[in-house]
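A look at the structure
Now for the letters of each chain:
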Amino acid sequence: MADRVRHVTVLYASVVGFTEFSEQRDAIEATHLLSELWDVFNAAAEQHGVEPQQTMGPHYLAVCGLAGLYLDHAKRTLDFSRDLFKILQAFNDQHAGDLRLQIGVDSGQVTAGIVGLKRFKYDVWGPAVDLACDLHHAAEPSAILVSPHVYEQVRELYTFVPGSKLERRHQAPLETWHFRLT
């Protein structure tokens with residue numbers, strides 16, 4: 001049952017190289033380390049007013065503007081994404097890792113609510129989640145790729161480099177931009 005439809009900013013990230021990283025450890029240690037990383041990501045999300053939604057193995061989904069209504073949710077999400085790179089670098093330094101992040105960010109409509117009859121789960125879905133996921137897949141490791149929706153909201157605040165056009169099934173190619181981390 002959906003309980004909200006909102007315009008938000010969605011961040012979809014993957015920790016590239018985590019499978020190889022975890023294969024060098026026993027299962028308990030790998031699970032503990034991934035949990036440790038998500039805990040630090042979640043703490044940073046809270047500082048920026050971003051709401052972690054779910055993790056799926058090395059994938060991380062967060063939304064800004066769903067529970068807390070902000071006028072600057074795209075900015076908050078990009079500031080959060082910058083922090084994720086700093087957090088991952090510290091994690092790599094501490095655990096001798098070579099993990100990288102691949103991130104896609106879109107602003108748009110999502111639906112959120114409780115789904116399931118026996119095993120309830122709060123879930124978020126919709127065009128913005130789909131596009132953030134597609135952008136994340138198109139992003140190079142160690143990069144953040146944003147949609148035109150995000151670019152238009154924050155282009156005056158940050159430096160962007162044009163990306164390649166994103167080909168999407170049954171849709172016109174979409175302009176993309178790389179968010180500069182420096």
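The preceding data block contains the structure.
What follows is about the overall build of the protein. Helices and strands together make up the secondary structure of the protein, namely five helices and eight strands. Helices and strands appear in the protein in the N-to-C order β-α-α-β-β-α-β-β-α-β-α-β-β. Computed over C-alpha atoms, the radius of gyration of the protein comes to 16 Å, within 12% of the 16 Å expected from 2.2 N^0.38 for 182 residues, which places it in the range of a compact globule. In terms of its C-alpha atoms, the protein occupies a principal-axis envelope of roughly 45 × 45 × 35 Å. Looking at the protein as a whole, 51% of its 182 residues qualify as buried. As displayed, the protein has an accessible area near 9600 Å², and 52% of this comes from carbon and sulfur atoms. Treating the 16 positive side-chain charges of the protein as one cloud and the 23 negative ones as another, the clouds have centres 5 Å apart.

Two aromatic rings are characterised by how far apart their centres lie and by the angle between their planes. Applying the stated criterion across every chain, the model contains 10 aromatic pairs. Their ring planes at 55° and their centres at 5.8 Å tell us that Phe21 and Phe91 sit as a pair that is tilted. With Phe21 in helix α1 (residues 18-23) and Phe91 in helix α3 (residues 73-95), this pair connects stretches of sequence that are 70 residues apart. Assessed through its relative accessible area of 4%, Phe21 is described here as buried. We classify Phe91 as buried; its relative accessible area is 4%. For the pair Phe160 and Phe179, a centre-to-centre distance of 5.6 Å together with 45° between the ring planes defines the contact as tilted. In this pair, Phe160 sits in strand β7 (residues 160-162) while Phe179 sits in strand β8 (residues 177-179), placing the two residues 19 residues apart along the sequence. Exposure remark for Phe160: the relative accessible area of 13% places this residue in the buried category.

So, about the environment of Pro141. Among the structural elements, Pro141 can be located in the loop between α4 (127-138) and β6 (143-146). Here the alpha-carbon distance between Pro141 and Leu99, two residues 42 residues apart in the chain, equals 9.2 Å. When sequence neighbours within four positions are dropped, the list of residues in contact with Pro141 reads Val16, Arg100, Leu101 and Gln102.

Here we take up the nonpolar core. In terms of nonpolar packing, the biggest core is built from 37 residues, with Tyr60, Leu78, Phe80, Leu101, Ile103, Val146 and Phe160 touching the most fellow members. Apart from the residues lying within four places of it in its own chain, the contact partners of Leu101 are Ala13, Ser14, Val15, Phe41, Leu84, Phe85, Leu88, Glu140, Pro141, Ser142 and Ala143. Counting 13 residues, the second-largest nonpolar core is a separate cluster that includes Val8, Val110, Ala128 and Val129.

A few words now on α4. For α4, with 12 residues, the first-to-last C-alpha span of 16 Å sits near the 16 Å given by 1.5 Å per residue. Along α4, the residues that are buried comprise Ala128, Val129, Leu131, Ala132, Cys133, Leu135 and His136.

This paragraph deals with the pairing of β6. The alternating pattern of β6 places Ala143 and Leu145 on one face and Ile144 and Val146 on the opposite face, and all of these are buried. Two elements, strand β4 (residues 100-115) and β6, share four bridges in a ladder whose sense is parallel. When the bridges of β6 are listed, Gln102 appears paired with Ala143. As paired elements, β6 and β8 share two bridges and run antiparallel to each other. Paired with Leu145 across the two strands is His178, which belongs to β8.

What counts, and where the lines are drawn
- Residues numbered from 1 in each chain as written.
- Predicted model: local features only at pLDDT ≥ 70, side-chain atom pairs only at ≥ 80, totals over all residues.
- Heavy atoms only, no water.
- Helix = DSSP H or I, 4+ residues; strand = E, 2+ residues; numbered from the N terminus.
- Rg over C-alpha atoms; globule rule 2.2 N^0.38 Å.
- Buried < 20%, exposed > 50% of the residue type's maximum accessible area, 1.4 Å probe, protein only.
- Areas by Shrake-Rupley, 256 points an atom, 1.4 Å probe, with all protein chains shown as cover.
- Lys, Arg positive; Asp, Glu negative; His and termini not counted.
- Charge placed at Lys NZ, Arg CZ, Asp CG, Glu CD.
- Phe/Tyr/Trp six-rings, centres within 6.5 Å; stacked < 30°, edge-to-face > 60°.
- Contact = heavy atoms within 4.5 Å.
- Core = buried A, V, L, I, M, F, W, Y, C linked by side-chain atoms within 4.5 Å.
- Expected span 1.5 Å × (residues − 1).
- Pairing = 2+ DSSP bridges.

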